[in-house]
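Chain and residue survey
Each chain is listed here by its residues.
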Amino acid sequence: MKLLNLFAISLLSLTVFIACGNGSVASVEQVELLSCKDFDQKIKETESVQLIDVRTSDEFAGGTIGSAINIDFFGENFKEEMAKLDLERPVFVFCAKGGRSGKASAICKELGFKKIYDLDGGYTAWSQYEK
């Protein structure tokens, strides 16, 4: 019985800590991983899109999505360049397959972007997407 009470108290404490902590639970919805179809739709619905291709300049030169701007995730000024964008407006990020854009989304979250959309499967998936 004591073990069960200890477990219940621990669980309750953890719940309170998460709910009252630094707000990280509330910000989980800040990043949305979207399919090509949903990413495309959100871009069309968004006025003045901040569409960021985080691939290298060589990858970018081989093709990109719409009017994306290239901010290389591996570039030494990546964080500074991202911080120049409007934090209040949604940002759409993508890379080749999703790894770098996931990391870029985490950085965007740190920088204080209110809404971040990440393309599931990256440019590779997009290039196969029937628009």
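The paragraphs below set out a description of the structure included in this document. Worth saying up front: this structure is predicted, and the values here are computed from it rather than measured.

It is worth spelling out the overall build of the protein chain at this point. Counting its regular elements, the protein chain contains six helices and five strands. Helices and strands in the protein chain line up, N terminus first, as α-β-α-β-α-β-α-β-α-β-α. Taking all contacts inside the protein chain whose residues are at least 6 apart in sequence as the whole, residues at least 24 apart take part in 69%. By element, 58% of the accessible surface of the protein chain is carried by carbon and sulfur atoms, the whole surface being about 8200 Å².

Let us look at helix α5 (residues 99-111). Between its terminal C-alpha atoms α5 stretches 19 Å, which fits the 18 Å expected from 13 residues at 1.5 Å a residue. Where the residues of α5 are buried, they touch β1 (31-34), α3 (57-61), α4 (78-83), β4 (91-94) and β5 (116-119). The positive-phi residue at the C-terminal boundary of α5 is Gly112, with phi of around 105°.

This part is about the side chain of Thr46. By secondary structure assignment, the location of Thr46 is in the loop between α2 (36-45) and β2 (50-53). Polar side-chain contacts of Thr46 include one of 2.6 Å to the backbone oxygen of Lys42. Setting aside anything within four residues of it in sequence, one finds Thr46 in contact with Pro90 and Phe92.

All chains considered together, the criterion is met by seven salt bridges. Note that Lys84 is salt-bridged to Glu81, the shortest N-O span being 3.0 Å. Accessibility expressed as a relative area gives 61% for Lys84, which makes it exposed.

Right, let's get into the packing of aromatic side chains. Overall, the coordinates contain seven aromatic pairs when judged by the stated rule. Considering the side-chain rings of Phe39 and Trp126, the 6.3 Å spacing of their centres and the 75° angle between planes classify their relative orientation as edge-to-face. Of this pair, Phe39 sits in helix α2 while Trp126 sits in helix α6 (residues 122-128), placing them 87 residues apart in sequence. Exposure remark for Phe39: the relative accessible area of 0% places this residue in the buried category.

Let us look at the sheet that holds β2. Read across the sheet, five strands follow the order β1-β5-β4-β2-β3 without closing on themselves; strand pairing throughout is parallel. Each edge of the open sheet is held by one strand with a lone partner, namely β1 and β3 (69-70). As paired strands, β4 and β5 are joined by three bridges and run parallel to one another. Residue pairing for β5: Val93 is matched across the bridge by Asp118. α5 contacts β1, β4 and β5 of the sheet and is inclined by roughly 175° relative to β5.

A word on unusual backbone geometry. Although it is not a glycine, Ser48 sits at a positive phi angle of roughly 55°. Mapped onto the elements of the fold, Ser48 is located in the loop between α2 and β2.

So, about the nonpolar core. Grouped together as the largest cluster of nonpolar side chains are 15 residues, with contacts concentrated most on Ile52, Val54, Phe78, Met82, Leu85 and Val91. For this core, the secondary structure elements donating two or more residues are α4, β4 and α5. No other element matches the three residues that α5 contributes to this core. Excluding residues that lie within four positions of it along the chain, Met82 makes contacts with Ile52, Ile71, Val91, Val93, Cys108, Leu111 and Phe113. The next biggest cluster of nonpolar side chains, apart from the first, holds 14 residues, and it includes Ala68, Phe92, Tyr117 and Tyr123.

Parameters and conventions
- Residues numbered from 1 in each chain as written.
- Predicted model: local features only at pLDDT ≥ 70, side-chain atom pairs only at ≥ 80, totals over all residues.
- Heavy atoms only, no water.
- Helix = DSSP H or I, 4+ residues; strand = E, 2+ residues; numbered from the N terminus.
- Contact = heavy atoms within 4.5 Å.
- Areas by Shrake-Rupley, 256 points an atom, 1.4 Å probe, with all protein chains shown as cover.
- Expected span 1.5 Å × (residues − 1).
- Polar contact = N/O pair within 3.5 Å; in protein donor to acceptor, adjacent residues only side chain to side chain.
- Salt bridge = Lys/Arg side-chain N within 4 Å of Asp/Glu carboxyl O.
- Buried < 20%, exposed > 50% of the residue type's maximum accessible area, 1.4 Å probe, protein only.
- Phe/Tyr/Trp six-rings, centres within 6.5 Å; stacked < 30°, edge-to-face > 60°.
- Pairing = 2+ DSSP bridges.
- Axes fitted to C-alpha atoms, helices over the stretch in contact; angles between N-to-C directions.
- Core = buried A, V, L, I, M, F, W, Y, C linked by side-chain atoms within 4.5 Å.

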